[in-house]
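# Residue-level structure breakdown
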Amino acid sequence: MQELNIEQLVFSTVNKCLNHLEKQEILDLINKYYQGESVASLIEEYQISVSSRQFYKAFPKVNLGKCKVCNEMKEIELQSRSKELQDIPNKSPCNICNHVEDPYYCSCNFCKKKREEEKAIKHKEDLKLKFFSQKFKENYEEKLDLKAKLYLGLLIKTYQDETDNILLDSYSLWLKDSKPTPTVELLEEIEDYLIQNYFIVPDQDTPAQYFYLNEEDSISFQKRNVLFQVNIIPFDGNFENLVMRLIYPNSDEFLADKNFCYRMWKKIGLEILFEHTSIQLREFNLMFVRKKKIKQVYTYLLNHFSVSQIFHIISMSISKALLLDSTVTLDLIEQYCEDIGTKAIANNSDIEPYNCKVPDNIITKMFFYNVLNISYLGMSEMPTMDL
Ligand SMILES: [Zn+2]
Ligand SMILES: [Zn+2]
C-alpha cells in the first residue's frame, strides 16, 4: 500500500487507545504496520493497550477525497494488512454508491451501466463495419424495371430539397417525414423495396448508432436517420439527367407494358380506397385496420368499378349500416360493399360515380398524370389494360 499522509486521516474517528499519541505518531504507526513491522513490537513501542487482533481496528478512518461518481466524501476503515496486499484506495468501495476507482473491477451501478454502454457502442460499430463490408449490387439505369423507376422517381420527388445534393458521381436523399402516398403502408413498402434491392444505400458516414440486428438476425438500420445514396449508374453518366428522367417518367415507356400499368393502377386504387375508408371511419371514431377480407372485397370491386364508383358504394354501405344496424363498423362496410357491388354486377346496373378529384398525393398524381396520361379518368374509369 502507498504511504498515507496526515491529511488523509480522520482523527475524530480514532480509537481512544491511541489518544495518547500525537497525530504524526499515529501516522507513523499506521505506515509502519503496513510496511510489515511486527504488531507486538509496535504495541510495545507506542505503549498501546490493545490486543494484537484488534490492533488495526483502532486506526482512524482514511479520507480518500471525493467519490468520482456520486461526489460524496469517501471515508474508509482500514483493513488488516493480510487483506491489504493490494491497493486500498483503489479497491475500497464508496459507502454511498459502492464505486471503486478501478474501472474494470468496480461493480457499482454507474460503472456497470457505463461498461454496458461501451459494449453496445462497440456492437453497433461492428454491425456498421460488417454492413459496409458487403459489396452492394450495382444497378445500371438501363436495366431498371418500371417498378423501380416509378418508386425511385417518387422517392426523389418527395424527398429532394433545395440544397445541392447532386454531385458528379452521386445523388443523396434523406427520408424525412412525408406522405407522398395515400397510405403510410404503401410508402413503407416502396421505401423497403428500394432499400432491400440496394437501389438506395446508406451513406458510409452514417453514424454506427443507427445500425441494429433485426428479427431475422441480419443487419438493419433506422432509415429515417440515414442519408441515402441513390445506387444507380445513369446510362449517360449524368445524375442530374437521371433525376429528371425519374421524376418525370416517360409515358410511352410505361404504356408499352400494359400489364404493369394495369396492376399499378389497381394497386394505387386500392390504397386510395383504404385511405378513404379510414377517413370515413374516423367520423365514427373508429380506426381502419387493413384486413384480408376488406382487401379482397375492394380488389374484387376494382375489377368492375372505378375508384369513384366504389367511393359511392362505400357511402351507400355506411348509410345502410346506419339504417339497419344503427352503427358503423369496418365489418359492416365490408359486408355491405360486397352486397351492393355483387348485386350491381349481377343486375348489370350502373353505379353513379362519386364526384371526386384526383387525390392530392405525389404517387397518384405522378401515375395518373405522367405515367398513364389520363388525369382524373384514373379515378372515374374502371382500371383497364386498354390504355
Ligand atoms: Zn460514491
Ligand atoms: Zn463504479
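Chains are numbered independently. Their residues run from 1 in the order of the written sequence. All chains are assigned letters beginning at A, and all ligands numbers beginning at 1, according to the order in which they are written. Local features in a predicted model are, by the rule used here, given only for residues with pLDDT of at least 70; side-chain atom pairs are given and counted only at 80 or more, and totals for whole chains, interfaces and linings are based on all residues.

Attention now goes to helix H9 (residues 258-282). For H9, which comprises 25 residues, the first-to-last C-alpha distance of 36 Å matches the rise-based estimate of 36 Å (1.5 Å per residue) to within 8%. Buried residues are those with 20 or more other C-beta atoms within 10 Å of their own C-beta, exposed residues have 12 or fewer, and partly exposed residues lie in between; C-beta atoms are placed from the backbone. What counts as a helix is a DSSP run of H or I of at least four residues, what counts as a strand is a run of E of at least two, and both are numbered from the N terminus. Within H9, burial applies to Cys-261, Met-264, Trp-265, Ile-268, Gly-269, Leu-270, Glu-271, Ile-272, Leu-273, Glu-275, His-276 and Thr-277. Working rule for helices: expected span equals 1.5 Å times residues minus one.

It is worth spelling out the environment of Tyr-262 at this point. Mapped onto the elements of the fold, Tyr-262 is located in helix H9. Sequence spacing of Tyr-262 and Leu-387 is 125 residues, and the spatial spacing of their C-alpha atoms is 8.5 Å. Each residue is represented by a C-beta atom placed from its backbone, and any two residues with such atoms within 7 Å are regarded as in contact. If sequence neighbours within four positions are ignored, Tyr-262 has contacts with Pro-383, Thr-384 and Met-385.

The next point concerns the sheet that holds strand S1 (residues 9-10). Two strands make a pair as long as DSSP finds a minimum of two bridges between them. If you walk across this open sheet you meet the 3 strands as S1-S2-S3, and the pairing is antiparallel. The sheet is open, and its two edges are formed by S1 and strand S3 (73-76), each paired on a single side. Relative to S3, strand S2 (residues 61-66) is paired through 3 bridges, and the arrangement is antiparallel. Its bridge partner being in S3, Asn-63 is matched across the sheet by Glu-75.

When the domains of the protein are assigned, the result is domain 1 (6-91), domain 2 (139-248) and domain 3 (253-380). Each domain's limits were defined by an automated method or a database of domain assignments. For domain 1 and domain 2, the distance between their C-alpha centroids amounts to 68 Å.

This next bit is on the sheet that holds strand S6 (residues 200-202). Strand order in the open sheet made by the 3 strands is S5-S9-S6, with antiparallel pairing throughout. Edge positions in the sheet fall to strand S5 (172-174) and S6, since each of these pairs with one other strand and no more. In this sheet, adjacent strand axes meet at a mean angle of 40 degrees when their direction is disregarded. The pairing of S6 with strand S9 (residues 227-230) spans 3 bridges and is antiparallel. Under this scheme, a helix contributes an axis fitted over its contacting stretch, all axes are lines through C-alpha atoms, and angles between N-to-C directions fall in the 0 to 180 degree range.

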